[in-house]
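# Commentary on secondary and tertiary structure
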Amino acid sequence: MQFGVFSVSDVTTDPTTGRTPTEAERIQAIVRIAEKAEEVGLDVFALGEHHNPPFFSSSPTTTLAYVAARTTRLQLSTATTLITTNDPVKIAEDYAMLQHLAGGRVDLMMGRGNTGPVYPWFGQDIRNGIPLAVENYALLRRLWDEDVVDWSGRFRTPLQGFTSTPRPLDGVAPFVWHGSIRSPQIAEQAAYYGDGFFSNHIFWPKEHTQRMVEFYRQRFEHHGHGSADQAIVGLGGQVFIRRNSQDAVREFRPYFDNAPVYGHGPSLEEFSRETPLTVGSPQQVIERTLGFRDYVGDYQRQLFLVDHAGLPLKTVLEQLDVLGEEVVPVLRREFAALKPAHVPDAPTHASLVAARATTPEEVSA
Amino acid sequence: MTTRTIAVVSAGLSTPSSTRLLADRLATATVAALRERGEDAVVEVVELREHARDLADAFVTGFPNAALRAAVGTVTGADAVLAVTPVFTASYSGLFKSFVDVLEEGALTGKPVLLAATAGTARHSLVLEHAMRPLFAHLRAVTVPTAVFAASEDWAGGDGGELGRRITRAAGELADVVTGRPASARPADPFADVPSFEDLLRGGS
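Because the structure is a prediction, the values reported are computed rather than measured. (Residues numbered from 1 in each chain as written. Chains lettered and ligands numbered in written order. Predicted model: local features only at pLDDT ≥ 70, side-chain atom pairs only at ≥ 80, totals over all residues. Heavy atoms only, no water.)

## Brief notes about the overall build of chain B
- Secondary structure summary: chain B contains 7 helices and 7 strands in total.
- Counting from the amino terminus, helix and strand elements in chain B follow one another as β-α-β-α-α-β-β-α-β-α-β-β-α-α.
- Taking 205 residues into account, the globule formula puts the C-alpha radius of gyration at 17 Å, and chain B, at 18 Å, falls close to it.
- Structurally, chain B occupies a C-alpha span of about 65 × 40 × 30 Å along its principal axes.
- In chain B, which comprises 205 residues, the share counted as buried stands at 49%.
- Sequence separation of at least 24 residues holds for 81% of the intrachain contacts in chain B that already meet a minimum separation of 6.
- Taken as a whole, chain B presents about 9500 Å² of accessible surface, with 53% of it coming from carbon and sulfur.
- Positive and negative side-chain charges in chain B, numbering 19 and 24 respectively, have mean positions lying 3 Å apart. (Helix = DSSP H or I, 4+ residues; strand = E, 2+ residues; numbered from the N terminus. Rg over C-alpha atoms; globule rule 2.2 N^0.38 Å. Buried < 20%, exposed > 50% of the residue type's maximum accessible area, 1.4 Å probe, protein only. Contact = heavy atoms within 4.5 Å. Areas by Shrake-Rupley, 256 points an atom, 1.4 Å probe, with all protein chains shown as cover. Lys, Arg positive; Asp, Glu negative; His and termini not counted. Charge placed at Lys NZ, Arg CZ, Asp CG, Glu CD.)

Put into structure tokens, the structure is as follows:
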């Protein structure tokens, strides 16, 4: 099982000091967080994509390529890549390039983006969110899987005799996850292609995540990619950890109370009951996280959100230390002991290359 | 004998409130009207005051918490709804509208609804027709023709029993609509009709 962190790249005022980091500071901080994730033994670093303040990450492949050069083992991913407003040709090119530079340590998570004004800035309409995600991804797959593509569709100018370069590393496209908070159509899309499904998980009650994952698993089996429990599932999680539970609550509360996404609403305790948010000791985080398996089954990837809501870099790095030293080693052991042998690990470049070598090559039309 | 579920949504704020008083009389009259038509009924009351913070939280977090989910389920799963609000500043109260705002799209489509409101004076009575009825038309609920308004003076009985007659008439109209329908099923499973990906690729959504 893979463990890692994901960042939405928000530039948020620290509510305890009133200080807002500059974009320059946050950009340097995100690189440091990614490096630290590798240092402490985590597997994955995933970065969001946004095209509006207060977020800085408009160009994730630039950042991830830089991180790739400064790491050796870390798997680089996105959270999420906007499959609706990006040109699928540019996604195919950018991420194949990143894949080469990173030695295959790349996968992507597709998302639609829920900010209405972003769509028209890129010539699109949020009301076409699902059809855009469907058409653009279908084209992206062909651009990676076929050397020469003739294509026409509803949303983009046609392509005749087009070859997306560079070709994917070793002829194998990066693995793709599809992220969605509430659209079953996206779970259906992930299932259709045999891709991974990532449930954001952190903003909604667990019953909702459970239903989405269950639906994805059923459809994965329906589309012939394996049994339901072999589908590739990822979950988000949100933690704040101190050795002493009360210290964690006391320190995190002002960040929670003023957080841009859910602040000024429920109490930290209420939100912790309703969602997977866990603020407490390493042991509490371990127990809560192991409990996710009870409602989604054996899953392949767990990403934690740790660098949001104005938390200072120093604190974030301390969180990564605790995750790496005390939490993830236990989770790795416990999840591995529970997982049946026929449930696969999350695909990596190496596993995808190996899988292709054992199956006869498909003839492309 | 069929047993119907009648959900009461009361947005009264004081205890006791005249809004709840009116809601209770409407509920009693509706149960009696259903009995006359050979059907049994149970009444489930949602006091919105108890969910004031849950509603504010739902706006902030984007999802209703467990207590509010239960209240919403009571209303969406009922055979009929009695919607009763005090008049605040020329309309239904903000608390009442907040509850309506957290309902999923389509949650009250086709639902038999009796509208009622309370206020200090009868001058506000058209709030039922100018605010409440358009709101429920938007929700595609089936509102019965008689809406019931109670001003302070109505509780004195000085109207020769007119409030009681309106309550009886409205409850009868609601019972007529309810008895003509199959027992309410819970809202449809949103996952049941997700198009297959082949359909999505062909341009469905």
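Here the narrative resumes.
## Concerning the nonpolar core
- Residues Phe-45, Trp-144, Tyr-216, Phe-252, Leu-320 and Leu-323 of chain A are the most contacted members of the largest nonpolar core, which totals 110 residues.
- Among the elements that line this core, the one with the most residues is helix H11 (residues 313–338) of chain A, at 10 residues.
- Leave out the neighbours within four places in its chain, and Trp-144 of chain A touches Ile-91, Ala-92, Tyr-95, Ala-96, Leu-108, Arg-167, Pro-168, Ala-173, Pro-174 and Val-176 of chain A.
- Ala-71, Tyr-92, Val-102 and Ala-141 of chain B belong to the second-largest nonpolar core, a separate cluster that totals 39 residues. (Core = buried A, V, L, I, M, F, W, Y, C linked by side-chain atoms within 4.5 Å.)

## Here we look at the interface of chain B and chain A
- Chain B puts 22 residues into the contact, and the matching count from chain A is 30 residues.
- For the pair chain B and chain A, the two sides together bury roughly 2000 Å², of which 66% comes from carbon and sulfur.
- Counting across the interface, chain B meets chain A through 3 salt bridges.
- When the shortest N-O distance is used, the salt bridge between Glu-274 of chain A and Arg-69 of chain B registers 3.3 Å.
- Taken together, the connections running from chain B to chain A amount to 5 residue pairs in polar contact (both at pLDDT 80 or more). (Buried area = accessible area lost by both parts, 1.4 Å probe. Salt bridge = Lys/Arg side-chain N within 4 Å of Asp/Glu carboxyl O. Polar contact = N/O pair within 3.5 Å; in protein donor to acceptor, adjacent residues only side chain to side chain.)

## Here's the deal with the UniProt feature "domain: NADPH-dependent FMN reductase-like" (unreviewed entry) in chain B
- Mapped onto this numbering, the UniProt entry gives "domain: NADPH-dependent FMN reductase-like" (unreviewed entry) at residues 6–155 of chain B.
- Taken end to end, residues 6–155 of chain B is 41% helix and 25% strand, and its two terminal C-alpha atoms sit 24 Å from one another. (UniProt positions renumbered as here; feature names shortened; annotations may be inferred.)

## Comments concerning the packing of aromatic side chains
- For the structure shown, the criterion picks out 21 aromatic pairs over all chains.
- Seen in terms of ring centroids, Phe-6 of chain A and Phe-198 of chain A are 5.9 Å apart; in terms of plane orientation they differ by 70 degrees. Their pairing is edge-to-face. Taken as a pair, Phe-6 of chain A in strand S1 (residues 2–7) and Phe-198 of chain A in strand S9 (residues 196–199) lie far apart in primary sequence, 192 residues in all.
- Of the residues examined, Phe-6 of chain A reaches a relative accessible area of 6% and is grouped as buried.
- On the accessibility criterion, Phe-198 of chain A (3% relative accessible area) is buried.
- Grouped by ring-pair contacts, the aromatic residues Phe-203, Trp-204, Phe-256, Tyr-262 and Phe-271 of chain A together with Phe-63 of chain B constitute a single cluster.
- Above the plane of the ring of Phe-191 of chain B lies Arg-211 of chain A, whose end atom (NZ or CZ) is 4.3 Å from the centre. (Phe/Tyr/Trp six-rings, centres within 6.5 Å; stacked < 30°, edge-to-face > 60°. Lys NZ or Arg CZ within 6 Å of the ring centre and 35° of its normal.)

## Some words on the side chain of Ser-9 of chain A
Residue and element names in this part refer to chain A.
- Within the secondary structure layout, Ser-9 lies in the loop between S1 and helix H1 (23–39).
- Ser-9 gets classed as buried once you look at its relative accessible area, which sits at 0%.
- A distance of 3.3 Å separates a polar side-chain atom of Ser-9 from the backbone nitrogen of Ser-57.
- Ignoring sequence-local partners within four residues, the contact set of Ser-9 consists of Arg-26, Leu-47, His-50, Pro-54, Phe-55, Phe-56 and Ser-57.

## Description of the pattern of salt bridges
Residue and element names in this part refer to chain A.
- For the coordinates displayed, the defined rule picks out 42 salt bridges over all chains.
- Its salt-bridge partner being Arg-70, residue Glu-35 comes within 2.4 Å of it at the nearest N-O pair. Separated by 35 residues along the polypeptide, Glu-35 in helix H1 and Arg-70 in helix H2 (residues 60–70) bring together distant segments of the chain.
- Of the residues examined, Glu-35 reaches a relative accessible area of 13% and is grouped as buried.
- Given the relative accessible area of 46%, Arg-70 is considered partly exposed.

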